[in-house]
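Coordinates in review
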Amino acid sequence: MDAHAAHHAVTAAAPAFSSRPEDIAWFILLLPLIAAAGITLLVRRSNFLAATFSLAATTTAFILSFVLFLTFGLGDATAAATPFAWLHAGDLAVNLGVTVDKLSTLMLLVVTGVSALVQVYSLGYMHGDRSFPRFFVGLSLFTFSMLGIVLADNLVMMFLFWELVGVSSWLLIGFWYEKESAADAAKKAFLTNRLGDFGFLLGIILIWAAAGTVNFAELSQKLGAHPDLLGNLSSVAGLLVFMGAMGKSAQFPLHVWLPDAMEGPTPVSALIHAATMVAAGVYMLCRVFFLYQVDPAWPVALSFLGSISALDIIAALGGFTALLAALMAIQQNDIKRILAYSTLSQLGYMVMAVGCGGPDAAMYHLTTHAGFKALLFLGAGSVIHACHHEQDIWKMGGLRSVMPKTFLTFALGTAALIGLPPLSGFYSKDSVLLAALENGHPVLFGLGVLIAAMTTFYMVRLVLVAFLGTNRSEAAGHAHESPGSMTWPLILLAVPSVALAWLPLGDYLRHHFFSDHAHHAAAVSDEISVGASLSALFGGLNQILFEPFNHAPLPAVMGTGALLIGAWVAVTLYWKAERDPLPKLLGALARGMKNRFYFDELYEAVFIPLHDLVARFADGFDRWVVSGLVVRGVHGSTELLGRTLRILQSGNLQTYTFLFVAGVALVVLLALK
Amino acid sequence: MPALPDLLFYAFAGLTLLFGFLCVANPLTRNPVTSAMFLVLTICSLAGLFVLLNAFFLAAVQVLVYAGAVMVLFLFVIMLLDLKEEERRQLNKVALGAGSVAVAVIAGILIKAVMSAKPAAEQLVEGTTKPLGRILFTQYLLPFEILSLLLLVAMVGVILLSKKELK
Amino acid sequence: MQVGLHHYLVVSALLFSLGLLGVLARRNLLVIYMGLELMLNAANLALVAFSRYNANLNGQVMVFFIITVAAAEVAVGLSLIVALYRKRQSAHVEDLTSLKL
């Protein structure tokens, strides 16, 4: 009997524990969590052990991710590792499951790779910090949360990790919580994100209510079978989900938190606010891209929008954010803030690409951007470290000679960002522009080209002012090259910044998104396989390098032209400049750019009084209605009753007897009735 | 002309109620000894009513136990405590009024209940010693024995309670 | 009018009320106790009358038991009063208000 039952249990459990390659994903996901927990619980006092734990976990995760990428990313298979049931409520069943496909394995590599390098870098950058182990806990926790977003196979699980990412971001921005500005920035980031998350949550609920499932695969299948599944709410659901991305990826009008988040330590800025977390929004949009492929439909109240789809709105917002951020970046003097606005601008680019129906281009740009933007941030960190936490570029200068490694890698990163062929940025930016052009958004295409020119302008300005010329301050004069733990990650990151696009990444992503959609079949070149990619790397390199010019010359030429114009203007203005000439040339516009177009002030003037009003109302409601009327009312009436009844408790025996007799008389009377 | 038993009933009933009233609410004195004495008289006239009901054994027990044992106990305690205070205290008018009202109400309700009941066909029984003893030692043997135990327990309890210091 | 069950019951009810009056109106614990005894006796009278007019000796047995228990109860009650008096130097109900908080 027992043996029989045991046998049954084994056969039942067998599939759950059979080792399938996609179950590696669980290890990848959990390793950073184990590291974070281990450091917190066991080695909180040891700097060395904390760093070792964290780094070992992340590196192992990276290696496993690479294995997973080779197994699934290069093939066609989409696998889902064994899920765990997490929640059953009525019809809603939420599993904790992972999706292993081209998209997630690529993103896994990006996240674990950048995370590992940033952690190595932090060894040097955070050296001597009081809370060194806590920093690594934060990084590990963040890595865990980010991997959760990447691997999630349903919306609810993604939302969970989405919030976890918000929390770890909050922890890390406010890492130096003694600084008031850092604590404020952390709060601002968290609260601004909440706004977006609120929309995201509403979107999830809407989708669940309409489709009855939150699982990506099922949802995609259902939508494929019944495009009108979401009825006239499909576009609204899309926009609500986009709100989540708007918060995390800092799109206008929720962009204000990202520049302030630079108060955190520079490695954090590199990892979270440049390479990975802010990309989560874009990644999420790509993940649920099927949601946007249905025809636009609006509820009656919004019917004036007509045939404008959710994607159009997303694209417009993305383009606007990109333009706005690029303008702001032009007049910033803080090295990290320039990069922050540049990040905003590039995120706008990616969102625009998604909106233009090119999630492959967005992911492409996301991947290359993760590399070179992390490189730029880490380079900036190296500069800041060397200049004793001086962040004003006008107080630097002449760093080229004292920090050759940093300068060289930073310059490579800049070149990649501005899209200098044949560096990686050129190809990904080209694919974004191409997506805009091909899918009938000429205005956005023009905007993209303009932004490309502006990007070049402010990046060249940054390099010219900070690294070339002569040093303009004491700190810059005493600068010296950073230690190896900081320069090696720079060098390692420079490699993908230069050469990532030499791999057939564009085809790879296009294949993921459009393999089963006929209208894009033409764009798919060949079946991608290990062999093909290898042959592409060696034999077809030449072909890949010039592919943009052959395939669609207009965006490539325009992009390069914008680059040249931007660079020419920047060099004219800033070559050996001692002061910024722009305020004189542009006047009020420059002031606006410098002050971020007064968005913070606007929000402060509009939303904070509004918020205070609501808060005061809530406070009054709580104080007078909840606490006063309800709580005190109950307590008061009880006390009044008690006091009244207390009078009866005279302690006099005969009073009791009297009452007793009266009661008996009453009962007898009733009994006789 | 009513029969003799009926006359006797009215006489004893009247006496019972009169003595009872004087026991609890003697308008002349509030001395507890007087009350106790009137209680004895009440019980004796009640015994007379028992005799009229042909419950001879109970009438004897009533006189022996109540008028003998219980009353002696009362008197002992009254003497022991030397209670004179109540005489000096003012009557609580409110309590008296409320008490009287309650009593009147209860009495009214009870009498009304009695009067509204329909009398059953009367079957008379003789409560002499012999049948009572028979039923007591056959049907009610166990309660009877338990009662003896109760008396023992009461005795032990009383002795314990009356000791000055419990060791 | 022939004396019957009703007459005895009315006497019983009145006696009971008198006992109750004693309990309610008097303030000497001993007299209150006497009131209680009166009420018990009123019950006894009712039981005997029932017994008599229903040809059933059970009522009388019950009265017998009541008298016995009353004797025990009086003994215990009086000893309690004595103990109380020792502690408080009073047998007056108005002085016994420790039930009041």
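Nothing here was measured: the structure is a model prediction, and the numbers come from that model.

1. Topic: the overall build of chain A
Summing up its helical and strand segments, chain A has 30 helices and four strands in all. Considering chain A as a whole, with its 673 residues, one finds that 54% of them fall into the buried category. Counting contacts in chain A only where the partners sit at least 6 residues apart, residues at least 24 apart contribute 80% of the total. Carbon and sulfur atoms make up 70% of the accessible area of chain A, which totals about 28,600 Å².

2. Digging into the overall build of chain B
If you tally the helices and strands in chain B, you get seven helices and zero strands. In chain B, the succession of α and β elements from N to C terminus is α-α-α-α-α-α-α. Going through the 167 residues of chain B one by one, you find that 35% of them count as buried. Counting contacts in chain B only where the partners sit at least 6 residues apart, residues at least 24 apart contribute 63% of the total.

3. Some words on the interface of chain B and chain A
On the chain A side, the residues contacting the six residues of chain B number six residues. Between chain B and chain A the total buried area reaches about 520 Å² when both faces are included, carbon and sulfur atoms providing 93% of it.

4. Things to note about the pattern of salt bridges
Applying the stated rule across the entire model yields ten salt bridges over all chains. It is possible to trace a salt-bridge network through shared partners that takes in Glu163(A), Arg194(A) and Asp197(A).

5. What about helix H7 (residues 180-211) of chain A?
Residues and elements named next belong to chain A. The end-to-end C-alpha distance of H7, which contains 32 residues, comes to 46 Å, matching closely the 46 Å that a straight helix rising 1.5 Å per residue would cover. The largest bend along H7 reaches roughly 25° and is located at Leu-195. Just beyond H7, the residue with positive phi is Gly-212, at close to 80°.

6. Structural notes on the packing of aromatic side chains
Scanning the model with the defined rule gives 24 aromatic pairs over all chains in all. Members of the aromatic cluster, connected to one another through ring pairs, are Phe57(B), Phe137(B), Tyr140(B), Phe144(B), Phe64(C) and Phe65(C). Between the NZ or CZ atom of Lys429(A) and the centre of the ring of Tyr349(A), over which it lies, the distance is 5.7 Å.

7. A look at empty space enclosed by the protein
Residue and element names in this part refer to chain A. Scanning the entire structure with this criterion turns up four cavities of 30 Å³ or more. The volume enclosed by the largest cavity comes to roughly 70 Å³. Per-element accounting of the lining of the largest cavity gives the leading share, three residues, to helix H9 (residues 234-248). The residue inventory of the lining of the largest cavity, partitioned by class, reads six nonpolar, four polar and one charged.

8. Focus on a nonpolar patch on the surface
Residues and elements named next belong to chain A. A cluster of nonpolar side chains, namely Phe-617, Phe-621, Trp-624, Val-625, Val-626, Leu-629, Val-630, Val-631 and Val-634, defines an oily patch on the protein surface of about 920 Å² accessible area. Relative to the assigned elements, Val-625 resides in helix H29 (residues 599-648). Among the residues examined, Val-625 registers a relative accessible area of 31% and is labelled partly exposed.

9. Section: the pairing of strand E3 (residues 92-96) of chain A
Residues and elements named next belong to chain A. As judged from the five bridges shared by strand E2 (residues 84-89) and E3, these two strands associate in the antiparallel manner. In the sheet register, His-88 faces E3, and the bridge partner there is Ala-93. Counting the residues in the hairpin turn of E2 and E3 gives two residues, including Gly-90, whose phi is positive at 60°.

10. A word on the environment of Ala310(A)
Residues and elements named next belong to chain A. One can find Ala-310 in helix H13 (residues 310-330). Separated by 73 residues in the primary sequence, Ala-310 and Ala-237 have C-alpha atoms spaced 9.0 Å apart. Among residues more than four places away in sequence, those in contact with Ala-310 are Ser-235, Leu-239, Tyr-292 and Trp-298.

11. Here we look at the packing of helix H4 (residues 102-125) of chain A against helix H11 (residues 266-275) of chain A
Residues and elements named next belong to chain A. Between H4 and H11, whose axes approach to 8 Å, the crossing angle comes to 160°. The orientation of H4 relative to H11 falls into the category roughly antiparallel. The hand of the H4/H11 crossing is right-handed. Of the residues in H11, those touching H4 at Val-114, Ser-115, Val-118, Tyr-121, Ser-122 and Tyr-125 are Thr-266, Pro-267, Ala-270, Leu-271 and Ala-275. Of the residues belonging to the contact of H4 with H11, the class tally is eight nonpolar, three polar and no charged.

How each quantity is defined
The written sequence of each chain sets the order in which its residues are numbered from 1. Each chain gets a letter, beginning with A, and each ligand a number, beginning with 1, in the order they are written. pLDDT decides what is reported in this predicted model: residues at 70 or higher carry local features, side-chain atom pairs at 80 or more are listed and counted, and totals for whole chains, interfaces and linings draw on all residues regardless. Water and hydrogen atoms were dropped before computing side-chain values, which therefore reflect all heavy atoms in the structure. To qualify as a helix, a DSSP run of H or I must reach at least 4 residues; to qualify as a strand, a run of E must reach at least 2; elements of each kind are numbered from the N terminus. Any residue under 20% of the maximum accessible area for its type is buried, any over 50% is exposed, and the rest in between are partly exposed; the area is computed with a 1.4 Å probe on protein chains only. We call two residues in contact when some of their heavy atoms are within 4.5 Å. For every accessible area listed, the method is Shrake-Rupley and the probe measures 1.4 Å; residues are considered covered only by the protein chains on display. Here the quantity called buried area is the accessible surface, traced with a 1.4 Å probe, that two parts lose on coming together, added over both. By salt bridge we mean one thing: a side-chain nitrogen of Lys or Arg within 4 Å of a carboxyl oxygen of Asp or Glu. Helix span, expected: 1.5 Å multiplied by one less than the number of residues in the helix. Working definition for bend: take the seven residues up to and ending at a residue and the seven starting at it, fit an axis to each, and measure the angle between the axes. Planes of paired rings set the category: under 30 degrees apart is stacked, over 60 is edge-to-face and the rest tilted, where pairs are Phe, Tyr or Trp rings (Trp by its six-membered ring) whose centres lie within 6.5 Å. Counted as over-ring charges are cases with an Arg CZ or a Lys NZ within 6 Å of the ring centre that also lie within 35 degrees of the ring normal. Cavities and pockets were defined on a 1 Å grid built over protein atoms only: a cavity is a set of grid points that admits a 1.4 Å probe from which the probe cannot escape, a pocket is an open set flanked by protein on both sides within 12 Å along at least five of seven lines, and lining residues are those with an atom within 4 Å of any such point. Grid points are joined across faces, edges and corners, and a volume is the space filled by probe spheres set on the points. Asp, Glu, Lys and Arg are counted as charged, while Ala, Val, Leu, Ile, Met, Phe, Trp, Tyr, Cys and Pro are counted as nonpolar; the rest, among them Gly, fall into the polar class. The residues that make up patches have over 30% relative accessible area and no salt bridge, and they are joined within 9 Å when like-charged or within 5 Å when they are Val, Leu, Ile, Met, Phe, Trp or Tyr. If DSSP finds at least two bridges between two strands, the strands pair. Under this scheme, a helix contributes an axis fitted over its contacting stretch, all axes are lines through C-alpha atoms, and angles between N-to-C directions fall in the 0 to 180 degree range. Working rule for angles: under 35 degrees goes down as roughly parallel, over 145 as roughly antiparallel, 65 to 115 as roughly perpendicular, anything else as oblique. Crossing handedness is defined as follows: a turn of the near helix away from the far one that is anticlockwise and smaller than a right angle gives a left-handed crossing, while the clockwise case is right-handed.

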